[in-house]
Each structure stands twice: as structure tokens, then as C-alpha cells.
Amino acid sequence: MASSRLSGSFGSEARDEAARYSAQDGSALRGSDAQEGGVGAGARSDAPTGTAAPKFVQGMGLFSATAIVMGSMIGSGIFIVPADMSRVLGSPALLIAAWLVTAAMTIIGALSYGELAAMMPKAGGQYVYLREALGPIWGFLYGWTLFLVIQTGTIAAVGVAFGKFLGVFFPSVSASHWLWHIGHVPAWKVGPMVLGNMDIGLNTANLAAIAIITLLTLSNTRGVKLGAAVQNVFTSAKVLALLGIVAVGLVAKNAAAMAANFGAGVHSFWANAGWHTQHAVQVGVGGPVEYVGIFTVIAVVQVGSLFSSDAWNNVTFTAGEIRNPRRNLPLSLVLGTGVVLLLYVLCNFVYLSVLPMVGTAGATTLAGRGIQFATEDRVATAVMQSAFAGIGSKLMAAAILVSTFGCVNGMLMAGARVYYAMSRDGLFFAPAGVLSERSGAPVNSLWMQWGWTCLLCLSGSYGQLLDYVIFAVLVFYVLTIFGLFVLRRTRPEAERPYRAFGYPVLPALYIAMAVWICGVLLRYKPQYTWPGLILVLLGVPVYMMWKRKETAVRD
């Protein structure tokens, strides 16, 4: 990477920051680090000569930063994934244990990221940490995968979930109500994977998704203060919704469910949770069934719980717009993840107190289907129906609409900052690295993200792509926390306003747990692993292309 070229209009604050980084870290200043909105290596500025380039507006405090953490984490997963987890685990105790593992890993990850965030409070967050610790190509591969599917695919999936639940109130909004059906891609089985099997076109559900993605993209182009205000409102509402579910568990306990899940019988809390109990796990799609132990089966179901708790790192992408980031970023990470995971664990206790875990797929009652076979896996909806009869499904649908709307807003806001940082380094389209003079927002980056996300909505491929990158996301978390060890060694004198709690034991524990889960997924869930690795590796030739382009421009 070429050394930074700072314009004559570059402010004294940014020059001081550049000098501090150069002196303390002993490394060349990267393009996106030169200033939050300024000009760096391979970066561009649309500001006229002699005028200051637009800067990010530091418009978010601790509450707003925490709202991004919590709002990005809470989507629709907590309301759905316990069904699939229950089918695999078959034990109330193991269901809670799986969520506790998720909570421990996520909070340890947040504690570790807190040091990196306080040390490098720059737009781009995790992209910057990987770039500085392991090299530019690792940062690029993360940003490439983020844009290709992690961020955009999640936004598309959550947006379409919004559309589907909107259909509870407006039946004409449905994934089966086609306005323009282009065609169907048939299923194609490749080893343990099934590719294709998706419908391409515009239906009323993905039209609703595109509508809210467009609305929220537009609002975020007006500046971070408006985007943060929307996030604060909807995150507060969705936290209240989760607290409402917890309250339901206190007042609407079902005696039969309590006896089945917590009583002293064959279906008691500790059923199938013995150290020597073997659990059936299907290898791949349509593969053989193998029997595994307790640690392996808990790792298998992390596909659901760990990634229903994902996106907590999104707040690091917006570091350039947070006031006092060296304090507020680490605090927001710990507070946000801690509160959300506590609510998640409590919600699962509520599910177990209202519905039996064990059910039958063909049953016609809520209790008969249980958590395992809740209709369309909508466990939270079944709980609300059990508590409030006729209006329960609408209450839950309203809560999910609020939750998904806020999640889309937070992820749109955060993701655009990564592509901005990549562009400043000459590793993404040039216009993405320009800030609006009026709002200080990366407007071009927001609209590029919008365009690709809408295409994913129309393609119907977002869900399948998300399945494919689950493994890759975990690998990038491992690499980033490994980078904490690298930076402790290579930049021992760098200013660290916050040092990771429990270092080196807790970060090492996270890496060990994550590597174990990755190994289990490679063995038993290849449909979630190899395709994700291929998507990541496809970024290598793209990186080389961008590097050649940057070299040509510089020469």
C-alpha cells in the first residue's frame, strides 16, 4: 500500500492524528486512517482545491452506539431458530446450554474487539483491524465477502422477512403473490450441497423489502444523526418487545409444558443431556446420519444461535461518527451484547415454560407440535398464540416488523462505512470513498449497497448465500481476535485506552471454541462451509485486480 498523500487543506487535527499513529505504531498511515472523510493512499476527494474535504460527523453517543449493537443483533432469528435447534438437541438443558455458549463467545468477542476499537477508532472497523494486523488482503477479503453477501444478503433476508410478516396484516403481501415471475432455477445437488431451487422475480413480499431498504437508505443519506435517531427508536421498541415476551412467560406459563420440560420424567429438563448420550446428526443434505456426543451436537446447532446473535460488530464500522470512541465503542460492545444475550436466554426459558419442547410434526394443536415443530418454525408466534389466542399472531407479527425494520436500518448504516474505507484504500469503486458535503454521509457507498441488496432480493438467492457464508463469518472473527495477539506483539507501544478483559486467556478461549465449531461444521455441515470458503477465495483475484488498478493510477 502506498504511503498517504494528504491534501493541503487537511486539518491540523488529522495531521496530529497521522503523526501520532506514525510515531506510536511505527507503520505507514493507511488511506482510510488519514482522516474520517479525508484523503489517503489511493483515495479521492471531490472537494475543490483550497477547501476542506467533507468529514464524518461525530453525531452518536454511547446510547446510539449501543443501539446499533443491539439493533443489528436483534432481527428475526431469536423468534425462529429455537425450533431447528430443538429438533437436533432434543433436550431443554442442551437448548439453554447452546445459547449460553453463544452468549459466552459473543461477549468474549465483544471484549476483545473493544481493545481494537479503542486503539483504532476508524471508519471501517473490522476491515481496518484485519488490514492493520494481518495485511491488506485480509481486510479486503472481509470487505469483499461483506459486500457480496454477509451484509447485503442479511439485509435482503431481513427485509423479505419484514414483507412476509407484513402479510399477516395485509394478505396480499406474500412471497407467492408474483408481480413479475422471471423463472425458477431448479435444484442442483452437488455432493452434500443443494444449489439453485429458487424463484427469480418481483413478488409483493420482496417489493415490501425493496421499499423499506430504499426508504432507509434515503434516510441514511441525510446524515448519521437521522439514521441514529431512527435506530434509537426502533431498537428501544424491539427491546421492549423482547421484554414483553419475557413477561408473557411469567404470566402465561403452561402447566403441561412446565411438567414436560422441567418436571421429573422422561421429558424433563435434563433429558438427553448426559455426557454419554449420543445425538443423531445428518451429514450434509441427504447424507448419512451419524451419532455424536454432547460437545459436537452443541457445536452443530451454533449455526442457529451464534448467527442469530451476529452483527454486533457493526458498530465498529461507524467508529468515525461516534463521540469519544475510545470510551464509547468498547462500552457499547459490552453493554449491547450483554443485554441482548441475556434477553435471548430468557426468551428461550419462556418458550420452554409455554410450549413442550418435544412435539409431533403432524399435530394440530400448538402444544402437540411443541417447540420442535412449531408452524413454519415460528416458535415465538406459537407462544403468543398460546397466551393471547386470536390476537397472539398479530402481536408477534407487529413485534417482528419493528425488529426487522430496525435491523435493516442499522445494517444499512454500518455496512456503507466499510466500503467507504475500502475505497479510500483504492480497493473499491472510487465514488464510494466520497462523503456528501451536505450530510457528511457516504452517500455513494449507501446507494451501491442498496443496488446490490435489491438485486439479491429479486434473485431469491439471499437465504442460500447466507447459509454459505456462516462459516466464513466465524473464520473472520477468529482472524480478527488472532490479530489482537499480533498487534500486542508488533505494536506494543500503541495507545490502548482499553485493554481486553481476561487477555490472553479469554481471547484464546474464543479462538479455541470457534476453531472447534469450525471443525465440526466442516465435518457435519459441509453445505455451510465449503461454499463460503469458495466465495471468500474468489476475492483473491479481485484483490489483485484492484491492486493493479491502484498501481496503474499511482504511476
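Remember, predicted model here, so these are calculated numbers, not experimental data.

**Student:** Just to check I follow, could you spell out the overall build of the chain for this structure?
**Tutor:** The helix and strand tally for the chain stands at 21 helices and four strands. Split into buried and exposed, the 555 residues of the chain put 59% on the buried side. Across the chain, the fraction of contacts at a sequence separation of at least 24, relative to all contacts at a separation of at least 6, is 78%. When the accessible surface of the chain is totalled, it reaches about 20,800 Å², and 67% of it is carbon and sulfur.

**Student:** What's the story with the packing of helix α9 (residues 255-262) against helix α13 (residues 325-354) in this structure? I'm lost.
**Tutor:** Two quantities define a packed helix pair, namely the angle between the helix axes and the distance between the axes. Across the interface, α9 lies against α13 with an axial gap of 6 Å and an inter-helix angle of 115°. By the angle class used here, α9 and α13 are roughly perpendicular. Contacts between α9 and α13 involve Ala-257, Met-258, Asn-261 and Phe-262 from the first element and Phe-349, Leu-352, Ser-353 and Val-354 from the second. Of the residues that constitute the contact of α9 with α13, the class distribution is six nonpolar, two polar and no charged.

**Student:** Explanation requested: the state of the cysteines in the structure shown.
**Tutor:** The bond known as a disulfide is covalent and runs between the sulfur atoms of two cysteines. Throughout the structure, instances matching the rule amount to zero disulfides. Cys-457 carries a free sulfur, and the closest cysteine sulfur to it, the one in Cys-454, is 5.8 Å from it. The class for Cys-457 is buried, based on a relative accessible area of 1%.

**Student:** Sorry if this is basic, but what is going on with the packing of aromatic side chains here?
**Tutor:** In this structure the tally under the stated criterion is 21 aromatic pairs. Ring geometry for Phe-147 against Phe-428: centres 5.2 Å apart, planes inclined by 70°, an arrangement best described as edge-to-face. Here Phe-428 lies in the loop between α16 (392-424) and α17 (443-459) and Phe-147 lies in helix α6 (residues 136-166), a separation of 281 residues in the sequence. Residue class for Phe-147 comes out buried when judged on its relative accessible area of 15%. Among the residues examined, Phe-428 registers a relative accessible area of 8% and is labelled buried. Here the aromatic rings of Phe-269 and Trp-270 are separated by 5.1 Å at their centres, their planes lie at 85°, and the arrangement is edge-to-face. Assessed through its relative accessible area of 14%, Phe-269 is described here as buried. One aromatic cluster is present, formed by Phe-147, Tyr-419, Phe-428, Phe-429 and Trp-546 through successive ring pairs. Here Arg-488 stacks its cationic end above the ring of Tyr-503, 3.8 Å away from the centre of that ring. Looking at Arg-523, its charged tip hangs above the ring of Tyr-524, at a distance of 4.9 Å from the centre.

**Student:** Help me understand the nonpolar core in this model?
**Tutor:** Nonpolar side chains in soluble globular proteins generally cluster together in the buried interior. Among the nonpolar cores identified, the biggest contains 160 residues, and Phe-79, Phe-140, Leu-242, Ile-245 and Tyr-351 are the most heavily contacted of them. When near neighbours in sequence (up to four residues on either side) are disregarded, Phe-79 contacts Leu-242, Ile-245, Tyr-351, Asp-377, Arg-378, Val-379, Ala-380, Met-396, Ile-400 and Ser-403.

**Student:** Mind showing me how you'd approach empty space enclosed by the protein here?
**Tutor:** Over the atoms, a rolled probe matching the size of one water molecule traces out where space is still vacant. Across all of its chains, the model carries three cavities of 30 Å³ or more by this definition. Estimated volume of the largest cavity: approximately 60 Å³. Met-105, Thr-106, Leu-306, Phe-307, Ser-309, Asp-310, Trp-312, Leu-474, Tyr-477 and Tyr-510 together form the lining of the largest cavity. Class assignment of the residues belonging to the lining of the largest cavity gives a composition of seven nonpolar, two polar and one charged.

**Student:** It is not clear to me how the side chain of Thr-235 should be interpreted in this structure. Could you clarify?
**Tutor:** Among the structural elements, Thr-235 can be located in helix α8 (residues 224-251). Under the relative-accessibility criterion, Thr-235 is labelled buried at 4%. In this view, Thr-235 contacts Ala-67, Met-70 and Gly-71; residues no more than four positions away in its chain are not counted.

**Student:** How should helix α5 (residues 126-134) be read in this particular structure?
**Tutor:** Summarising burial for α5: eight of the nine residues are buried, a large majority. Those residues of α5 lying buried are Gln-126, Tyr-127, Val-128, Tyr-129, Leu-130, Arg-131, Glu-132 and Ala-133. Within two residues after α5, Gly-135 carries a phi angle of roughly 120°, on the positive side.

**Student:** Got a minute to help me understand the pattern of salt bridges in this structure?
**Tutor:** For side chains bearing opposite charge, pairing can occur when the charged atoms are close. A full pass over the atoms with the stated rule returns ten salt bridges. Residues Glu-132 and Arg-491 are paired through a salt bridge, measuring 2.7 Å at the closest nitrogen-oxygen approach. Taken together, the residues span a long stretch of sequence, with Glu-132 in helix α5 and Arg-491 in the loop between α18 (462-490) and α19 (505-524) at a distance of 359 residues. A relative accessible area of 9% means that Glu-132 is categorised as buried.

**Student:** Looking at this model, I keep getting lost on a nonpolar patch on the surface. Mind explaining?
**Tutor:** A cluster of nonpolar residues, Leu-179, Trp-180, Ile-182 and Leu-207, forms a patch on the protein surface that exposes about 420 Å² of accessible area. Of the residues forming the nonpolar patch, the biggest block, three residues, is contributed by strand β1 (residues 178-190). Topologically, Ile-182 is positioned in strand β1.

**Student:** Hey, could you run me through the environment of Lys-55 in this one?
**Tutor:** Relative to the helices and strands, Lys-55 resides in the loop between α1 (12-25) and α2 (62-73). On the basis of relative accessible area, Lys-55 is assigned to the partly exposed category, the value being 39%. Between the C-alpha atoms of Lys-55 and Gly-440, which are 385 residues apart in sequence, the distance is 5.7 Å.

**Student:** What is the right way to read α16 from this model?
**Tutor:** Given 3.6 residues to a turn, an α-helix orients residues that are three or four positions apart in the same direction. Taking 1.5 Å per residue, 33 residues should reach 48 Å; α16 reaches 49 Å between its end C-alpha atoms and fits that length. Burial analysis of α16 places 28 of its 33 residues in the buried class, which makes it a mostly covered element. Positive backbone phi, approximately 75°, marks Gly-426, located one or two places after α16.

**Student:** Would you take a moment to explain the side chain of Arg-417 for this structure?
**Tutor:** Inspection of the secondary structure puts Arg-417 in helix α16. For Arg-417, a relative accessible area of 0% puts it in the buried group. Polar contacts involving the side chain of Arg-417 include one to the main-chain carbonyl oxygen of Met-413, which spans 2.8 Å. Not counting residues up to four positions away in its chain, the partners in contact with Arg-417 are Phe-56, Ala-123, Gly-124, Val-224, Phe-317, Thr-318, Glu-321 and Pro-442.

Reading the values: the criteria
Residues numbered from 1 in each chain as written. Predicted model: local features only at pLDDT ≥ 70, side-chain atom pairs only at ≥ 80, totals over all residues. Heavy atoms only, no water. Helix = DSSP H or I, 4+ residues; strand = E, 2+ residues; numbered from the N terminus. Buried < 20%, exposed > 50% of the residue type's maximum accessible area, 1.4 Å probe, protein only. Contact = heavy atoms within 4.5 Å. Areas by Shrake-Rupley, 256 points an atom, 1.4 Å probe, with all protein chains shown as cover. Axes fitted to C-alpha atoms, helices over the stretch in contact; angles between N-to-C directions. Parallel < 35°, antiparallel > 145°, perpendicular 65-115°, else oblique. Nonpolar A, V, L, I, M, F, W, Y, C, P; charged D, E, K, R; others polar. Disulfide = S-S within 2.5 Å. Phe/Tyr/Trp six-rings, centres within 6.5 Å; stacked < 30°, edge-to-face > 60°. Lys NZ or Arg CZ within 6 Å of the ring centre and 35° of its normal. Core = buried A, V, L, I, M, F, W, Y, C linked by side-chain atoms within 4.5 Å. 1 Å grid on protein atoms, 1.4 Å probe; cavity = no way out; pocket = protein on both sides within 12 Å on 5 of 7 lines; lining within 4 Å. Points joined across faces, edges and corners; volume = space filled by probe spheres on them. Salt bridge = Lys/Arg side-chain N within 4 Å of Asp/Glu carboxyl O. Patch = residues over 30% accessible without salt bridge, like charges linked within 9 Å, V, L, I, M, F, W, Y side chains within 5 Å. Expected span 1.5 Å × (residues − 1). Polar contact = N/O pair within 3.5 Å; in protein donor to acceptor, adjacent residues only side chain to side chain.

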